[in-house]
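Chain by chain, the residues:
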Amino acid sequence: MITPRIEKIRQNYVSAKPQISCQRAAIWTESFQTTEGQPACIRAARAFYDCCDRLGVHIFEGELVVGAIGEFRKCGILTPEFSWMWVDREMDRFATRPQDPYVMTEEQRQFVRETIFPYWKGKSLEEAFLARLPAETRRIAVDTGVIDSDSKWRQAVGEITPDYQDVLFKKGFAGICQEAETKIAALDDACAEDEEKRDFYRSVILACRGIIRLAERYADEADRLAEAEPDAARAAELRIIAENCRRVPAHPPKTFWQAAQFVWFTQLGGILSENPLALNPGRFDQYMDPYYEADLAAGRLAPDFAQELIEALWLKYSQGGALGTSL
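Every value quoted in this text rests on a predicted model; they were computed, and no experiment measured them.

The rules we used
- Residues numbered from 1 in each chain as written.
- Predicted model: local features only at pLDDT ≥ 70, side-chain atom pairs only at ≥ 80, totals over all residues.
- Heavy atoms only, no water.
- Helix = DSSP H or I, 4+ residues; strand = E, 2+ residues; numbered from the N terminus.
- Rg over C-alpha atoms; globule rule 2.2 N^0.38 Å.
- Buried < 20%, exposed > 50% of the residue type's maximum accessible area, 1.4 Å probe, protein only.
- Lys, Arg positive; Asp, Glu negative; His and termini not counted.
- Charge placed at Lys NZ, Arg CZ, Asp CG, Glu CD.
- Phe/Tyr/Trp six-rings, centres within 6.5 Å; stacked < 30°, edge-to-face > 60°.
- Lys NZ or Arg CZ within 6 Å of the ring centre and 35° of its normal.
- Axes fitted to C-alpha atoms, helices over the stretch in contact; angles between N-to-C directions.
- Parallel < 35°, antiparallel > 145°, perpendicular 65-115°, else oblique.
- Left-handed = near helix turned anticlockwise from the far one by under 90°.
- Contact = heavy atoms within 4.5 Å.
- Nonpolar A, V, L, I, M, F, W, Y, C, P; charged D, E, K, R; others polar.
- Salt bridge = Lys/Arg side-chain N within 4 Å of Asp/Glu carboxyl O.
- 1 Å grid on protein atoms, 1.4 Å probe; cavity = no way out; pocket = protein on both sides within 12 Å on 5 of 7 lines; lining within 4 Å.
- Points joined across faces, edges and corners; volume = space filled by probe spheres on them.
- Core = buried A, V, L, I, M, F, W, Y, C linked by side-chain atoms within 4.5 Å.
- Expected span 1.5 Å × (residues − 1).
- Patch = residues over 30% accessible without salt bridge, like charges linked within 9 Å, V, L, I, M, F, W, Y side chains within 5 Å.
- Areas by Shrake-Rupley, 256 points an atom, 1.4 Å probe, with all protein chains shown as cover.
- Polar contact = N/O pair within 3.5 Å; in protein donor to acceptor, adjacent residues only side chain to side chain.

Trainee: Is there a simple way to explain the overall build of the chain in this structure?
Mentor: When helices and strands are tallied, the chain shows 14 helices and three strands. Scaling as 2.2 N^0.38, a compact globule of 327 residues should have a C-alpha radius of gyration of about 20 Å, and the chain matches this with 21 Å. Referenced to the eigenvectors of the C-alpha coordinate spread, the extents of the chain come out at roughly 65 × 60 × 35 Å. Put simply, the chain has 327 residues, and 50% of those count as buried. Across the chain, the mean location of the 40 positive side-chain charges is 2 Å away from that of the 51 negative side-chain charges.

Trainee: Mind showing me how you'd approach the packing of aromatic side chains here?
Mentor: Each pair of aromatic rings is reported with the distance of its centres and the angle of its planes. Throughout the structure, instances matching the rule amount to 20 aromatic pairs. Taking the centre distance of 5.2 Å and the plane angle of 75 degrees together, the rings of Trp 257 and Phe 305 count as edge-to-face. Highlighted residues: Trp 257 in helix 12 (residues 256-274) and Phe 305 in helix 14 (residues 303-319), separated in sequence by 48 residues. A residue is classified by how much of its surface remains accessible, and Trp 257, at 10% relative accessible area, is buried. Judged by its relative accessible area of 23%, Phe 305 falls in the partly exposed class. Over the face of the ring belonging to Tyr 13 we find Lys 74, whose NZ or CZ atom lies 4.3 Å from the ring centre.

Trainee: What should I look at first to understand the packing of helix 9 (residues 164-185) against helix 10 (residues 193-228) in this one?
Mentor: To describe two helices that pack against each other, one gives the angle between their axes and the distance between the axes. Put simply, helix 9 and helix 10 touch, their axes get as near as 9 Å, and they point 160 degrees apart. Considered as vectors, helix 9 and helix 10 are oriented roughly antiparallel to each other. As for how helix 9 packs across helix 10, the hand of that crossing is left-handed. In contact with Phe 173, Ala 174, Ile 176, Cys 177, Ala 180, Glu 181, Lys 183 and Ile 184 of helix 9, helix 10 contributes Arg 198, Tyr 201, Arg 202, Val 204, Ile 205, Cys 208, Arg 209, Ile 211 and Ile 212. Residues of the contact of helix 9 with helix 10, tallied by class, amount to twelve nonpolar, no polar and five charged.

Trainee: Just checking my understanding: could you explain the pattern of salt bridges for this structure?
Mentor: As a working rule, side chains carrying opposite charge can pair if their charged atoms are close by. Using the criterion set out here, one finds 34 salt bridges in the structure. Two residues, Asp 295 and Arg 300, come together in a salt bridge whose shortest N-O distance is 2.8 Å. Salt bridges here are not isolated pairs; linked through shared partners, they connect Asp 88, Asp 92, Glu 106, Arg 109 and Arg 113.

Trainee: Honestly, the layout of surface pockets in this entry has me stumped. Any pointers?
Mentor: Which parts of space are left empty comes out when a probe the size of a water molecule is rolled across the atoms. Reported here for the largest pocket is a volume of approximately 1100 Å³. Ala 207, Gly 269, Gly 270, Ser 273 and Glu 274 are, among the 34 residues lining the largest pocket, the residues nearest its centre. Looking at the lining of the largest pocket, the elements with two or more residues in it are helix 2 (23-34), helix 3 (40-54), helix 9, helix 10 and helix 12. Taken together, the residues of the lining of the largest pocket sort by class into 23 nonpolar, six polar and five charged.

Trainee: Can you help me understand the packing of helix 9 against helix 12 in this one?
Mentor: One way to put it is that helix 9 packs onto helix 12 with a least axis distance of 12 Å and a crossing angle of 95 degrees. When the axis of helix 9 is compared with that of helix 12, the two are roughly perpendicular. Contacts from Tyr 164, Leu 168, Phe 169, Gly 172 and Phe 173 in helix 9 reach Ala 259, Phe 262, Val 263, Thr 266 and Gln 267 in helix 12.

Trainee: Got a minute to help me understand the nonpolar core in this structure?
Mentor: Side chains that are nonpolar tend, in soluble globular proteins, to be buried together. One finds Phe 169, Tyr 218 and Met 288 to be the most contacted residues of the largest nonpolar core, which totals 85 residues. Of all the elements, helix 10 adds the most residues to this core, at twelve residues. Excluding anything up to four places from it in sequence, Met 288 contacts Phe 169, Phe 256, Ala 259, Ala 260 and Val 263.

Trainee: Help me understand helix 3, please; the structure alone is not making it clear to me.
Mentor: One turn of an α-helix holds 3.6 residues; hence residues three or four places apart share an orientation. Over its 15 residues, helix 3 runs 21 Å from end to end, which matches the ideal 21 Å to within 8%, given 1.5 Å per residue. Of the positions making up helix 3, those classed as buried are Ile 42, Arg 43, Ala 45, Ala 47, Phe 48, Asp 50, Cys 51 and Cys 52. Among the structural elements, helix 2, helix 5 (106-120), helix 10 and helix 12 are those in contact with the buried residues of helix 3.

Trainee: Explain the environment of Asp 199 to me, please; I cannot follow it from the model alone.
Mentor: Looking at where Asp 199 falls in the secondary structure, it is placed in helix 10. When neighbours within four sequence positions are excluded, Asp 199 is seen to be in contact with Pro 39, Cys 41 and Ile 42.

Trainee: I keep staring at a nonpolar patch on the surface and nothing clicks. Help me out?
Mentor: Residues Ile 140, Val 146 and Ile 147 make up a contiguous nonpolar surface patch of about 270 Å² in total accessible area. With respect to the element layout, Val 146 can be found in the loop between helix 7 (135-141) and helix 8 (150-153).

Trainee: How should I be thinking about unusual backbone geometry in this particular structure?
Mentor: Most peptide bonds take the trans form, and the phi angle of most residues other than glycine is negative. Look at the link from Val 248 to Pro 249: it is a cis peptide, with omega at 10 degrees. Relative to the elements of secondary structure, Pro 249 occurs in the loop between helix 11 (232-247) and helix 12. Even without being glycine, Asn 275 reaches a positive phi, approximately 50 degrees. Structurally, Asn 275 can be placed in the loop between helix 12 and helix 13 (284-298). For Asn 275, a relative accessible area of 2% translates into the label buried.

Trainee: Hey, could you run me through the environment of Thr 29 in this one?
Mentor: Inspection of the secondary structure puts Thr 29 in helix 2. Using a relative accessible area of 2% as the deciding quantity, one classes Thr 29 as buried. If we ignore the near neighbours within four places in the chain, the residues touching Thr 29 are Pro 80, Thr 115, Ile 116, Tyr 119 and Trp 120. Within the local environment of Thr 29, its side chain forms a polar contact with the side chain of Trp 120, the two groups lying 2.9 Å apart.

Shown next as structure tokens:
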């Protein structure tokens, strides 16, 4: 049976038209404007950290797994570093297009056309690809419906699965950060070949610190909401959510609930950094089962609540994601 909480969130998903958030695009653009001339990996990692540090923190009513890509529960974001020209062409009719309609206000359209898009003109992946495409190929492959390729050059790669079982759940992002710091310490400052490695490890550290920072901010928000929550049961949930966010994804999860929150923070980080298509959870049953069995044995988790957590997580997957790149 679907609980009233889950049914309410599901109805929000079914009935609400998603809305565009410009927060991520604005932060990303502002960050890149301050890192001109630095290595590409450092610039992207710094923009991701800045996004995690500055993006609005939103915990919506009844949520058990938290983290949002924007200010709306059902939300789409813009990634102008990958593509902006098609957005400029289509956004006046986002709300009425037959596939993937999104609400976007006139103020938002004016903002991105005046503040965001001018910076990325001539710098996006979309433009780099089109500049290299032979004219005869372009006639049949670009926006014709003959060859479906735009998701590969107007967006991040996608179609990948994070390694929760052998890497993320074992190390946590703090552990990965520590490994990168150890790698940097072993490099030779006098070796030119090590400079590129150093830049890569520095970008790893920035990215890890970014997602940890975002989780910490959600922990603070959950604590704040708990203090003001009149319902004792919901206040207790919010305190557990805060505890979960202080644990993961910095460190390996200890409980099924923490593992579910870890999975969503990783997904959220992927969306905020690249908004890729088909960033998927993989064999969720295999890497989550040890936490489920351990919690059952310890009396920390009831099967019905585990089901509710999974449904809450799946609804998070549904509510936040890629803005469709074509009709």
